[in-house]
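Understanding the architecture of this molecule
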Amino acid sequence: MIDLTEIRLANATPAVLDFGGTLTPALGGPRQRINRLGTRWAFEMETPLLDAEPDLRIWASRLARAKLETGLVWIPEPDLVFGPEGAPRVAQAVAGGTSLPLSGLSARLAIPEGKWLSIIHDGRRCVYQVARDTAATAGGTATLPIFPMLRTMLVPGDVVELAVPKVQGEIEGDFSWDVPVGRFASLSFTIAEEE
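None of the values given here were measured: they were computed from a predicted structure.

**A closer look at unusual backbone geometry**
Going from glutamate 53 to proline 54, the amide bond is cis rather than trans, its omega being 5 degrees. By the secondary structure assignment, proline 54 is in helix α1 (residues 52–69). The omega torsion of the bond from phenylalanine 147 to proline 148 falls at -10 degrees, within 30 degrees of zero and hence cis. Tracing the backbone shows proline 148 in the loop between β14 (142–147) and β15 (159–161). Positive phi values are uncommon outside glycine, yet aspartate 79 reaches one of about 70 degrees.

Now the structure itself:
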């Protein structure tokens with residue numbers, strides 16, 4: 001895995017990769033939504049203008065390698081004042097659903113709707129969003145409503161990244177970049193969760 005967490009970003013556009021669907025009856029009647037495991041995120045990201053030497057050269061090299069080896073990028077949350085988070089962990093075994101039991105949070109920590117988080121289980125990260133404003137108890141526990149639904153079993157002690165969430169995945173499509181004749185250029189790429 002290529003660590004891209006130090007890359008400077010100017011823009012990030014999240015997209016839901018939906019593996020469910022809506023059934024529309026041919027003869028009328030109500031439509032039916034079918035949610036399936038596997039719904040996850042992709043992020044289209046762009047850097048500010050980078051100096052051709054050395055920044056553009058280094059980051060283009062790392063992104064090209066992440067195309068084959070996967071990459072790890074932080075998820076920006078501009079202007080969000082958050083923390084300190086404590087040391088959040090999954091509090092109990094969870095087989096699925098849209099509720100995430102946490103322990104190890106700072107007492108009474110306010111976690112706002114739309115806040116990104118990543119969960120590390122067996123060395124893999126999965127990205128979710130908080131679905132409703134939630135506050136930790138005085139004892140540092142909370143049950144977070146999340147979107148989308150969990151797509152892997154979790155065990156007590158799995159790490160939850162709230163303060164600095166990250167997306168882990170493959171650089172999608174053919175990664176290419178401009179080699180500037182001048183001094184500056186920016187990079188754009190899409191990173192998508194693999195599972």
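**Comments concerning the nonpolar core**
Phe43, Val73 and Phe189 are the most contacted members of the largest nonpolar core, which has 24 residues in total. If you list the elements that add at least two residues to this core, you get β5 (40–46), α1, β16 (166–171) and β18 (188–193). Of the residues forming this core, the biggest block, five residues, is contributed by α1. Residues contacting phenylalanine 43, with those up to four places away along its chain left out, are Thr13, Pro14, Ile75, Trp116, Val127, Val167, Phe189, Thr190 and Ile191.

**Comments concerning the pattern of salt bridges**
Within this structure, the stated rule accounts for eleven salt bridges. A salt bridge links arginine 125 to glutamate 161; its shortest N-O distance comes to 2.8 Å. Of this pair, arginine 125 sits in strand β12 (residues 124–130) while glutamate 161 sits in strand β15, placing them 36 residues apart in sequence. For the pair arginine 125 and glutamate 161, one class covers both residues: buried. By sharing partners, the salt bridges in this structure join Arg124, Glu194 and Glu195 into a single network.

**Description of the pairing of strand β7 (residues 71–74)**
As paired strands, strand β1 (residues 2–3) and β7 are joined by two bridges and run parallel to one another. Paired with aspartate 3 across the two strands is leucine 72, which belongs to β7. Inspection of the sheet shows β7 paired to β16 by four bridges, in the antiparallel sense. The residue of β16 that forms the bridge with valine 73 is valine 167.

**Quick notes on the sheet that holds strand β2 (residues 11–17)**
Ordered in space as β1-β7-β16-β18-β5-β2, the six strands form an open sheet in which the pairing is mixed. At either end of the open sheet lies a strand with only one pairing partner, and these are β1 and β2. The pairing of β2 with β5 spans seven bridges and is classified as antiparallel. Paired with alanine 12 across the strands is methionine 45, a residue of β5.

Basis of the calculations
- Residues numbered from 1 in each chain as written.
- Predicted model: local features only at pLDDT ≥ 70, side-chain atom pairs only at ≥ 80, totals over all residues.
- Heavy atoms only, no water.
- Helix = DSSP H or I, 4+ residues; strand = E, 2+ residues; numbered from the N terminus.
- Core = buried A, V, L, I, M, F, W, Y, C linked by side-chain atoms within 4.5 Å.
- Buried < 20%, exposed > 50% of the residue type's maximum accessible area, 1.4 Å probe, protein only.
- Contact = heavy atoms within 4.5 Å.
- Salt bridge = Lys/Arg side-chain N within 4 Å of Asp/Glu carboxyl O.
- Pairing = 2+ DSSP bridges.

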